[in-house]
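Residue-level structure breakdown
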Amino acid sequence: MIAPKKFRFGERQPLPTPDGTAGPLVLTAEDESNLDTYVVKIGETIKILQEEIAAIKKGELKVVTSLFEEKSKSLKWLELHTPLIEPFLDHAAAHQRDLRTHMANLKESIEENGALLSRMAITVKTILREHEKILNRNGLGGVYAKTGEKVSVNAGPEMKIDREF
């Protein structure tokens, strides 16, 4: 026989207050464990981001590549587990763990990291554009016909290249 499905929502029933209104939700052991794990994972993610930021500022850009996979996994984990935590952001258990402060620190680290990576991307694009300009500076920028008109890249099969001058 299949056991009846157990829902945590029933375990979270708010305790009534003396005046008869519903009190705060009661967290299950799994909810408390989720909060603890989330706070630890935020700390790990901040550490990874700060390590990457320090490496970028030192000019050690190979570290960005080596930390990419770890950073991606950590941020994805946080993204997937955030819905488990959101209902309890204003709960006393979240305040005890100082969850909002940890999240604010994570946000600051992500913004700083994003700004540095964005500047790096802009710099690389600029360097590539300048490199392309240098390569094309002395060229004609394409192939031209006898009349001086530019030959299109999509020329048909009747297009022949004369090897003799």
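These figures come from a predicted structure and were not determined experimentally. (Residues numbered from 1 in each chain as written. Predicted model: local features only at pLDDT ≥ 70, side-chain atom pairs only at ≥ 80, totals over all residues. Heavy atoms only, no water.)

Examining the overall build of the chain
- For the chain, the helix and strand inventory stands at five helices and zero strands.
- Along the chain, helices and strands appear, N-terminal first, in the series α-α-α-α-α.
- Looking at the chain as a whole, 22% of its 165 residues qualify as buried.
- Split by element, the accessible area of the chain, about 13000 Å² in all, is 60% carbon and sulfur. (Helix = DSSP H or I, 4+ residues; strand = E, 2+ residues; numbered from the N terminus. Buried < 20%, exposed > 50% of the residue type's maximum accessible area, 1.4 Å probe, protein only. Areas by Shrake-Rupley, 256 points an atom, 1.4 Å probe, with all protein chains shown as cover.)

Section: the pattern of salt bridges
- One pass over the structure, following the stated rule, counts nine salt bridges.
- For the salt bridge of Lys76 with Glu79, the shortest nitrogen-to-oxygen distance reads 3.8 Å. On the criterion of helical spacing, the pair formed by Lys76 and Glu79 is a turn pair, its members being three residues apart in helix α3 (residues 62-85).
- Notably, a salt bridge pairs Arg100 with Asp90, separated by 2.9 Å at the nearest N-O pair. (Salt bridge = Lys/Arg side-chain N within 4 Å of Asp/Glu carboxyl O.)

Let's talk about the nonpolar core
- If you look at the biggest cluster of nonpolar residues, it comprises 15 residues, and the most contacted ones within it are Leu35, Tyr38, Ile42, Ile85, Leu99 and Leu106.
- Setting aside chain neighbours within four positions, we find Ile85 in contact with Asn34, Leu35, Tyr38 and Leu99. (Core = buried A, V, L, I, M, F, W, Y, C linked by side-chain atoms within 4.5 Å. Contact = heavy atoms within 4.5 Å.)

So, the environment of Lys73
- Within the secondary structure layout, Lys73 lies in helix α3.
- With 28 residues separating them in the primary sequence, Lys73 and Thr45 have C-alpha atoms 9.4 Å apart.

Considerations on the environment of Asp98
- Counting through the fold element by element, Asp98 comes out in the loop between α4 (92-96) and α5 (99-137).
- A residue is classified by how much of its surface remains accessible, and Asp98, at 39% relative accessible area, is partly exposed.
- Separated by 59 residues in sequence, Asp98 and Val39 have C-alpha atoms that sit 8.6 Å apart.

Remarks on the environment of Gly114
- Secondary-structure assignment places Gly114 in helix α5.
- Using a relative accessible area of 32% as the deciding quantity, one classes Gly114 as partly exposed.
- Along the backbone, Gly114 and Ile53 are 61 residues apart, and their C-alpha atoms lie at a distance of 9.5 Å.

Thoughts on the packing of helix α2 (residues 29-58) against α3
- For the pair α2 and α3, the least separation of the axes is 9 Å and the interaxial angle reads 155 degrees. The angle between α2 and α3 falls in the class roughly antiparallel. Handedness of the crossing formed by α2 with α3: left-handed.
- Tallied by class, residues from the contact of α2 with α3 come to 15 nonpolar, six polar and five charged. (Axes fitted to C-alpha atoms, helices over the stretch in contact; angles between N-to-C directions. Parallel < 35°, antiparallel > 145°, perpendicular 65-115°, else oblique. Left-handed = near helix turned anticlockwise from the far one by under 90°. Nonpolar A, V, L, I, M, F, W, Y, C, P; charged D, E, K, R; others polar.)

Points about α3
- With 24 residues, α3 extends 34 Å from end C-alpha to end C-alpha; this agrees with the ideal 34 Å at 1.5 Å per step.
- Along its length, α3 reaches its greatest deviation from straightness, about 45 degrees, at Phe68.
- Among the residues of α3, Val64, Leu67, Lys71, Ser74, Leu78, Thr82 and Ile85 are the ones counted as buried. (Expected span 1.5 Å × (residues − 1). Bend = angle between axes of the 7 residues up to and from the residue.)

Considering the confidence of the model for the chain
- When pLDDT is averaged along the chain, the result is 82, and 73% of the positions lie at 70 or above.
- Of all secondary-structure elements in the chain, the lowest mean pLDDT belongs to helix α1 (residues 8-11), at 55, while α2 reaches the highest, 94. (pLDDT = per-residue confidence, 0-100.)

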